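Listed below, chain by chain, are the residues.
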Amino acid sequence: MSVAKKRRKYIKQGFEKANKKMGISFLRFFFNCTSQQTGVETTFFIELETVNAALSPSEVVLGFTPRINNNLEDLQYALAGTKSVQSIQSETIMTPSYVVMRVGCLGKNPSQICSYHSMNELKFSKKAFEFLLGNCIFSENRLSGFINVEADEAYNHPELLSNAGFAKWNLQYEIKKTEFDCYKNKVQNWSPLGLKTIFAGSLIYNDEEFVVNPLKSHGYIEKHYYCDLPETWFHISSSNLTSSISGLALQNSNFVLQGIYGDKVSCVFDIEDKKIVFNTESLKKAKSSVWNCLQSPLEEGETEEDAKLHYSVSFNSKEWVIDVDIYCKVVDLYNRQLELASGKRNVLNVVQSAFGIGEIKIYKKNKNNLEQIEFIKSEKTVCEFGQKETGEV
């Protein structure tokens, strides 16, 4: 099976035949745009996700939608004063079931705009890969569509987990590098299907026009297929890399780290066509990974505006030692919530930024010695960390 055909198969999984009542299929696109008004570069994401799609295929069910279990007789008793209102305010907690489209900005004023649909609204063309959802198209080399959420709708319906706003996009993309099964077990899979992806086109976000320069797009695509999202979410990715040894930009390099899987992180480092993959399923005695995400203490002279979140990961195998340290300012973090398939109003509470800066040190083991292969500076790094919480609306 060719890489392109296998990639199409992985993308379609969980979308084309969403016959499982419980589970998540999650497709994510990241790319950089330049504002035509200010010239500032900004990272955007577009997401397509199904949550328990076959549970309610013809109706959108949001886990935070209030549904009161009151019949007419209960209400009459309450109105007559023979039963307290408090005693009848029992509420059914709904298990979510929907398809959601998200468009988000990770700039200085981060936000996301969400559009919800039922599974029956997700259409498939006869082409090798093309999804149609409302006004949006997802195909093998194109993304287009628009979403509009009015301010009143966002304010009156917090269960949408959406900011108010308008987005319209027309993008073309070409995948240059693909990796499969960087984490896989019987019910879960993470694959960076567009480890290196070139984007081009245009986007309007809240009345600001952006253009996507293919040479600066720094595109990335990944697919998740889970029974539920990990209870601890950890993601770092970048293709904006420079060698601190040679001083040269590493234009054919990128890396991504994803977890948390069994308290470990999976990763792919593709540095000038030298590829290193750590899959947590194989991280047994021969390999190990240690990770952390903590707020760094303020240094002398720094204020709260300078507070940083420190993402650190160390990988160790028979052949390699790799240390990753990325920092992002707390003031740049965007906080959002993703509903978990388990329902019960459980969410993944995530903070994310596209302003991460840090370094990657890669060593090769040579008997009892370590040979430094590369020392890399990473900029405009996407950093995400999240944990399971019981949400409240």
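Keep in mind it's a predicted model, so treat the numbers as computed, not measured.

**Observations concerning the pairing of strand β24 (residues 334–339)**
Consideration 1: By the bridge criterion, six bridges tie β24 to strand β25 (residues 346–366) in an arrangement that is antiparallel. Residue pairing for β25: Asn-335 is matched across the bridge by Val-351.

**Notes on the environment of Phe-129**
Consideration 1: Inspection of the secondary structure assignment puts Phe-129 in the loop between β7 (122–124) and β8 (130–133).
Consideration 2: For Phe-129, a relative accessible area of 3% translates into the label buried.
Consideration 3: Along the backbone, Phe-129 and Ile-11 are 118 residues apart, and their C-alpha atoms lie at a distance of 8.3 Å.
Consideration 4: Ignoring any residue separated from it by four or fewer positions in sequence, one finds Phe-129 in contact with Arg-8, Ile-11, Lys-12, Phe-138, Ser-139, Glu-140 and Tyr-173.

**A word on the layout of surface pockets**
Consideration 1: Its boundaries defined by the atoms lining it, the largest pocket holds a volume of some 390 Å³.
Consideration 2: Taken together, 20 residues line the largest pocket, and the ones lying closest to its centre are Lys-196, Leu-215, His-218, Ser-239 and Gln-251.
Consideration 3: Secondary structure elements with two or more residues in the lining of the largest pocket: β13 (189–205) and β17 (241–243).
Consideration 4: At four residues, the largest contribution of residues to the lining of the largest pocket is made by β13.
Consideration 5: For the second largest pocket, the calculated volume is near 290 Å³.
Consideration 6: As for the second largest pocket, its lining consists of 15 residues, of which Thr-42, Cys-105, Asn-109, Glu-208 and Phe-210 are closest to the centre.
Consideration 7: Mapped by element, the contributors of at least two residues to the lining of the second largest pocket are β2 (41–51) and β14 (208–212).

**As for the side chain of Glu-49**
Consideration 1: By the element assignment, Glu-49 lies in strand β2.
Consideration 2: On the accessibility criterion, Glu-49 (1% relative accessible area) is buried.
Consideration 3: The residues contacting Glu-49, other than those within four sequence positions of it, are Phe-15, Ile-24, Ser-25, Phe-26, Tyr-98, Val-99, Val-100, Arg-102 and Leu-229.

**What about empty space enclosed by the protein?**
Consideration 1: In the structure shown here, the tally under the stated rule is three cavities of 30 Å³ or more.
Consideration 2: Its boundaries defined by the atoms lining it, the largest cavity holds a volume of some 150 Å³.
Consideration 3: His-218, Ser-237, Ser-238, Ser-239 and Val-382 are, among the 17 residues lining the largest cavity, the residues nearest its centre.
Consideration 4: If you list the elements that add at least two residues to the lining of the largest cavity, you get β1 (24–35), β15 (219–226), β16 (232–238), β18 (254–261) and β26 (369–390).
Consideration 5: Partitioned by chemical class, the residues of the lining of the largest cavity number seven nonpolar, nine polar and one charged.

**Considerations on the environment of Glu-374**
Consideration 1: Relative to the helices and strands, Glu-374 is located in strand β26.
Consideration 2: Along the primary structure Glu-374 and Lys-364 are separated by ten residues, whereas in three dimensions their C-alpha atoms are 9.5 Å apart.
Consideration 3: Once you skip the residues sitting within four places of it in the chain, Glu-374 turns out to touch Ser-243, Ser-244, Ile-245, Leu-250, Ile-271, Ile-360, Lys-361 and Ile-362.
Consideration 4: A distance of 2.7 Å separates polar atoms of two side chains, one belonging to Glu-374 and the other to Ser-243.

**Quick look at the packing of aromatic side chains**
Consideration 1: For the structure shown, the criterion picks out 24 aromatic pairs.
Consideration 2: Three or more aromatic residues link up through ring pairs in this structure, and these residues are Phe-29, Phe-31, Phe-44, Phe-138, Tyr-173, Phe-199, Tyr-205 and Phe-210.
Consideration 3: The ring of Phe-180 carries the charged tip of Lys-6 above its face, separated from the ring centre by 4.4 Å.
Consideration 4: The ring of Phe-355 is capped by Lys-108, whose NZ or CZ atom sits 4.6 Å from the centre of that ring.

**Some points on the nonpolar core**
Consideration 1: Core analysis: the biggest nonpolar cluster contains 40 residues, and Ile-46, Met-101, Phe-138 and Trp-169 have the highest contact counts within it.
Consideration 2: With five residues, strand β11 (residues 165–177) is the largest single contributor of residues to this core.
Consideration 3: For Ile-46, the contacting residues outside a window of four places in its chain are Leu-27, Arg-28, Phe-29, Phe-31, Met-101, Arg-102, Val-103, Phe-138, Leu-143, Trp-169 and Leu-171.
Consideration 4: Core analysis: the second largest hydrophobic core is formed by 32 residues, Phe-30, Leu-62, Cys-182 and Val-350 among them.

**Observations concerning the pattern of salt bridges**
Consideration 1: For the structure shown, the criterion picks out 19 salt bridges.
Consideration 2: One salt bridge in this structure joins Glu-47 and Arg-28, with 3.4 Å as the shortest N-O distance. Of this pair, Glu-47 sits in strand β2 while Arg-28 sits in strand β1, and the two are 19 residues apart along the sequence. Summarising the burial analysis for this pair, Glu-47 and Arg-28 share the class buried.
Consideration 3: Note that Lys-388 is salt-bridged to Glu-231, the shortest N-O span being 3.5 Å. You can see Lys-388 sitting in strand β26 and its partner Glu-231 sitting in the loop between β15 and β16, a full 157 residues away along the chain.
Consideration 4: Taking the relative accessible area as the measure of exposure, Lys-388 reaches 37% and is therefore partly exposed.

Cut-offs and rules
- Numbering of residues starts from 1 in every chain and runs along the sequence as written.
- With pLDDT at 70 or above as the cut-off, local features in this predicted model cover only qualifying residues; side-chain atom pairs require 80 or more to be listed or tallied, and sums for whole chains, interfaces and linings still use all residues.
- Excluding hydrogens and water, the side-chain values take into account all heavy atoms of the structure.
- Two strands qualify as a pair provided that DSSP identifies no fewer than 2 bridges between them.
- Here a helix means four or more residues in a row that DSSP labels H or I, a strand means two or more in a row labelled E, and each is numbered from the N terminus.
- Between buried and exposed lies partly exposed: a residue is buried under 20% and exposed over 50% of the maximum accessible area for its type, with that area taken using a 1.4 Å probe on protein chains only.
- Throughout, a residue-residue contact means that at least one pair of heavy atoms, one from each residue, lies within 4.5 Å.
- Using protein atoms alone on a 1 Å grid, points that fit a 1.4 Å probe yet trap it form a cavity, whereas open point sets bounded by protein on both sides within 12 Å along at least five of seven lines form a pocket; residues with an atom within 4 Å of a point count as lining.
- Grid points are joined across faces, edges and corners, and a volume is the space filled by probe spheres set on the points.
- Amino acids are sorted into nonpolar (Ala, Val, Leu, Ile, Met, Phe, Trp, Tyr, Cys and Pro), charged (Asp, Glu, Lys and Arg) and polar (every other residue, Gly among them).
- Whenever two N or O atoms come within 3.5 Å, that pair is a polar contact, provided that in protein one can donate a hydrogen and the other can accept it, and provided that, for residues adjacent in sequence, both atoms are side-chain atoms.
- Aromatic rings from Phe, Tyr and Trp, with only the six-membered ring used for Trp, were paired whenever their centres fell within 6.5 Å, and each pair was classed as stacked if the ring planes differed by under 30 degrees, edge-to-face if by over 60, and tilted otherwise.
- Over a ring means this: the NZ of a Lys or the CZ of an Arg is within 6 Å of the ring centre and within 35 degrees of the ring normal.
- Here the nonpolar core consists of buried residues drawn from Ala, Val, Leu, Ile, Met, Phe, Trp, Tyr and Cys, with membership extended through side-chain atoms lying within 4.5 Å.
- By convention in these notes, a salt bridge is any Lys or Arg side-chain nitrogen within 4 Å of a carboxyl oxygen on Asp or Glu.

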